[in-house]
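Chain by chain, the residues:
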Amino acid sequence: MTTAMGAALRRIQLGNALSAFGNGFTVPYLYVYVAKVRGLGAGTAGLTLFTLAVAALVVLPFTGRAIDRRGPLPVAIVGTVAAAIGSLGLGLSSVTPLVIASAAALGAGIAVIQPSLATMIVWCSTPLTRSRSFATQFFLNNLGLGVGGLIGGLMVDENAASSFIRLFGIESVMFLVLGATVATVKLPESPRVEDAVPTDSRPEGAWRTLLRDRSMVWLCVLGFVMFFACYGQFESGLAAYATEVTHVSPATLGLALFANTAAIVVTQFVVLKLVEGRRRSRVMALVGLIWTVAWMAAALSGLVHGAQAVATGLLISTYVLFGVGESMLSPTVAPLVADLAPASLIGQYNSAFALVKQLAMASGPLLGALLVGLGLSGVYVTLLIMCSLGITVLALRLGRRLTAAQDNPLVARAQRARAVAPAAEAGADERVPVAA
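Residues numbered from 1 in each chain as written. Predicted model: local features only at pLDDT ≥ 70, side-chain atom pairs only at ≥ 80, totals over all residues. Heavy atoms only, no water.

By the naming in an unreviewed UniProt entry, the protein goes by MFS transporter and is assigned to Streptomyces ehimensis. UniProt, in its Subcellular location (unreviewed entry) section for the protein, records the words "Cell membrane". (UniProt positions renumbered as here; feature names shortened; annotations may be inferred.)

If you want it as C-alpha cells, here you go:
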C-alpha cells in the first residue's frame, strides 16, 4: 500500500467512525422517541422503522450503478447529505407525515453511504491489506456506536423532547462531517480497480453479469442466512425471547448488547491475526458453528427455571459469541465480495450484497417477533440453530466454487511471486557481462 493510499484510507476510516459515533446517539431511542416522546403511538413508531428498511431496499438496486458510473466519492457525499437531512428532520418533526418522510431520507442516505464507503476502501487497499482495512472499519463502527450510545443515554430525557432534538442534531452534524471528510479524499489509482469508473456509458448488463457469477450468487445466499440468523434478530426476536422466555429485565438486555459490542472491540484484532491467511470459506463455516453454540445457549437460558443468574449468564454468552463471530466475518466477507467483482462492477457487487443484508434484516425481525409473540419460542430457537448450521454447510459449498486465490489472499500473493520470479531472473541474466 502506498503512502497516498494509506492517507486516503485513514480519512475514510476517521469519517466513518465519527458517523457511527453520531448514529449511536439515536439508534437505541428511535422507537421510544416516536411512540412516546412525540406521542405518535406504537403504530407510527413501527411504521417509521419499517420506512427506514424500505427506503434502503428502494435505493440499493440503483446505488451500485451510480457508484460504477460516477465513482464512490460523489455518491457517498449525496448519501451523507440525505442522511443528515433525514436525521435533523426526525428531530424536528412532530407529526406523522414529516416523521415518515424524514425516516425515508435517513434510510436511503445510510443505504447509499454503506456500499460507497466499502468501494472506497477497496480502492484504497490491496488484496493483501483489504481484510485488515475492513476489520478496522468494523471495529471503529462498533466502538463509535457504543460510545455514542453511552453518551446519548446520559443526555437523553424521556420527558424532554429538546434532549432528543439535541441527539438527532448531533447525528446530523456527524453525517455532514463524514461527507466533508470523504470529500477531501483523493482516491489513488489501485491496480485492482483501475477501470472501476468508466469514462463512457455505464456497463451494460451489470445485473446479468452478477447473476451469472455463481460464486457471487452463492455468497449472497450465504450472506442472507448469516444476516438473518444474527443481525436480523438482535433488536426483535432475540430481544423478545430474552424478555418473554428468559425473563431478563430491559437493563440486563442492555448489558447483553454492551457485551456484544465489547466482545467485538476486544477481540477484533486478535481474531484478525488468527484468520489472516486462513481460507475464507473455512472461517465462515466456523462462524456458523460458533453461532450454533450461541443459539443453543439462548435455548438453554429459556429452559433454566429457578436459577435466574444461570439463565442470564447463558443469554449474555449468546451475545458475546455473536460478537466473536461478527469479528471473524468483518475481515472475510466484504473483501471476498471485492475479490469476486470485476473491476468495473465493484460498486454493483457491494450494493447487491448490501441489498441482501437489508432484506435479511427486514425479514428477520418480522419472523422472529411473530414466532415469539405467538408463544412458539421452541420453534424460533430451533429455526435459528438450523440456520446457523446452514451457514456452515453453505460456506463449505462456497469454498468448492472459489479459486484458491479468492479463498485465500496469501495464495494470490504466492502466485504473483512465482510469476514475477522468472522475469526477474531473466532481467538479471541480461545484465550479466559475457566474458570475451
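Participant: Quick question: what am I supposed to make of the overall build of the protein here?
Facilitator: Counting its regular elements, the protein contains 19 helices and zero strands. Counting only residues that meet the buried cut, the protein has 52% of its 436 residues in that class. Taking the contacts inside the protein whose residues are at least 6 apart along the sequence as the reference set, 85% of them involve residues at least 24 apart. Element-wise, carbon and sulfur atoms account for 67% of the exposed surface of the protein, whose accessible area totals about 19,100 Å². (Helix = DSSP H or I, 4+ residues; strand = E, 2+ residues; numbered from the N terminus. Buried < 20%, exposed > 50% of the residue type's maximum accessible area, 1.4 Å probe, protein only. Contact = heavy atoms within 4.5 Å. Areas by Shrake-Rupley, 256 points an atom, 1.4 Å probe, with all protein chains shown as cover.)

Participant: Explanation requested: the confidence of the model for the protein in the structure shown.
Facilitator: Any segment with low pLDDT has predicted coordinates that should not be analysed in fine detail. Chain-level statistics for the protein give a pLDDT mean of 83 and a share of 88% at 70 or above. At the level of individual helices and strands, the protein shows its lowest average pLDDT in helix α19 (residues 409–431), which scores 57, and its highest in helix α13 (residues 280–303), which scores 94. Here residues 190–203 is a poorly scored stretch, pLDDT under 50, and it has 30 contacts once near neighbours within four places are set aside; other chains count. (pLDDT = per-residue confidence, 0-100.)

Participant: I would appreciate a short explanation of the packing of aromatic side chains in the present structure.
Facilitator: Between two aromatic rings, the relevant description is the distance of the centres plus the angle of the planes. As enumerated under the stated definition, the model contains 11 aromatic pairs in all. With centroids separated by 5.0 Å and ring planes inclined at 90°, the aromatic side chains of F21 and F25 adopt a geometry described as edge-to-face. What makes F25 buried here is its relative accessible area of 2%. Their ring planes at 75° and their centres at 5.4 Å tell us that W295 and F322 sit as a pair that is edge-to-face. Of this pair, W295 sits in helix α13 while F322 sits in helix α14 (residues 308–329), placing them 27 residues apart in sequence. Residue classification places F322 among the buried positions, given a relative accessible area of 0%. One aromatic cluster is present, formed by Y241, W291, W295, F322 and Y380 through successive ring pairs. Here the guanidinium or amino end of K357 rests over the ring plane of Y231, the centre of that ring lying 5.4 Å away. One residue, R401, lies across the ring of W218, its end atom 5.1 Å from the ring centre. (Phe/Tyr/Trp six-rings, centres within 6.5 Å; stacked < 30°, edge-to-face > 60°. Lys NZ or Arg CZ within 6 Å of the ring centre and 35° of its normal.)

Participant: Please clarify how the pattern of salt bridges should be interpreted in this entry.
Facilitator: A side chain of one charge can pair with a side chain of the opposite charge when the charged atoms of the two come close. A complete count under the given rule lists four salt bridges for this structure. Taking the shortest distance from any N to any O, the salt bridge between D407 and R279 comes out at 2.8 Å. Of the two residues, D407 is situated in helix α18 (residues 404–407) and R279 in the loop between α12 (250–275) and α13; the sequence distance between them amounts to 128 residues. Salt bridges sharing common partners tie together R130, R280 and D339. (Salt bridge = Lys/Arg side-chain N within 4 Å of Asp/Glu carboxyl O.)

Participant: When you look at the side chain of T181 in this model, what are you seeing that I'm missing?
Facilitator: When you line up the elements, T181 lands in helix α7 (residues 161–183). Looking at T181, the relative accessible area reads 14%, which means it is buried. Leave out the neighbours within four places in its chain, and T181 touches R11 and G15.

Participant: Just to check I follow, could you spell out helix α2 (residues 30–37) for this structure?
Facilitator: A turn of α-helix holds 3.6 residues, and therefore any two residues three or four places apart point the same way. Buried residues of α2: L30, Y33, V34, A35 and V37, and no others. Looking at the buried positions of α2, the neighbouring elements they touch are α3 (41–70), α4 (72–92), α5 (96–123) and α7. Trailing α2 by a residue or two, G39 shows a phi angle of about 65°, which is positive.

Participant: What's the story with the nonpolar core in this structure? I'm lost.
Facilitator: Within soluble globular proteins, side chains that are nonpolar tend to cluster in buried spots. With 104 residues, the main nonpolar core has M216, L219, L222, M284, W291 and Y380 as its most contacted residues. A56, L60, A354 and L355 belong to the second largest nonpolar core, which has five residues in total. (Core = buried A, V, L, I, M, F, W, Y, C linked by side-chain atoms within 4.5 Å.)

Participant: What is the right way to look at a nonpolar patch on the surface in this model?
Facilitator: There is a patch of nonpolar side chains on the surface, built from L367, L370, L374, L376 and V379 and spanning about 430 Å² of accessible area. For L376, the position within the fold is in the loop between α16 (346–373) and α17 (377–401). Under the relative-accessibility criterion, L376 is labelled partly exposed at 36%. (Patch = residues over 30% accessible without salt bridge, like charges linked within 9 Å, V, L, I, M, F, W, Y side chains within 5 Å.)

Participant: Would you mind going over α13 with me for this structure?
Facilitator: In this model α13 runs 35 Å from its N-terminal to its C-terminal C-alpha over 24 residues, within 8% of the 34 Å that 1.5 Å per residue would give. The buried fraction of α13 is high, at 17 of 24 residues. (Expected span 1.5 Å × (residues − 1).)

Participant: It is not clear to me how the environment of A229 should be interpreted in this structure. Could you clarify?
Facilitator: Along the chain, A229 falls in helix α9 (residues 214–229). Taking the relative accessible area as the measure of exposure, A229 reaches 0% and is therefore buried. For the pair A229 and G364, spaced 135 residues apart in sequence, the C-alpha separation works out to 7.4 Å.

Participant: I'm lost on the packing of α9 against α13 in this one. Help?
Facilitator: Packed helices, taken two at a time, are described by their axes: the angle between them and the distance between them. The N-to-C vectors of α9 and α13 enclose an angle of 25°; their axes lie 11 Å apart at closest approach. Accordingly, the angle class assigned to the pair α9 and α13 is roughly parallel. The element α9 and its partner α13 pack so that their crossing is left-handed. Residues L219, L222, M226 and A229 of α9 form the contact with α13, whose own contacting residues are M284, W291 and W295. A breakdown of the residues in the contact of α9 with α13 according to their chemical character gives seven nonpolar, no polar and no charged. (Axes fitted to C-alpha atoms, helices over the stretch in contact; angles between N-to-C directions. Parallel < 35°, antiparallel > 145°, perpendicular 65-115°, else oblique. Left-handed = near helix turned anticlockwise from the far one by under 90°. Nonpolar A, V, L, I, M, F, W, Y, C, P; charged D, E, K, R; others polar.)

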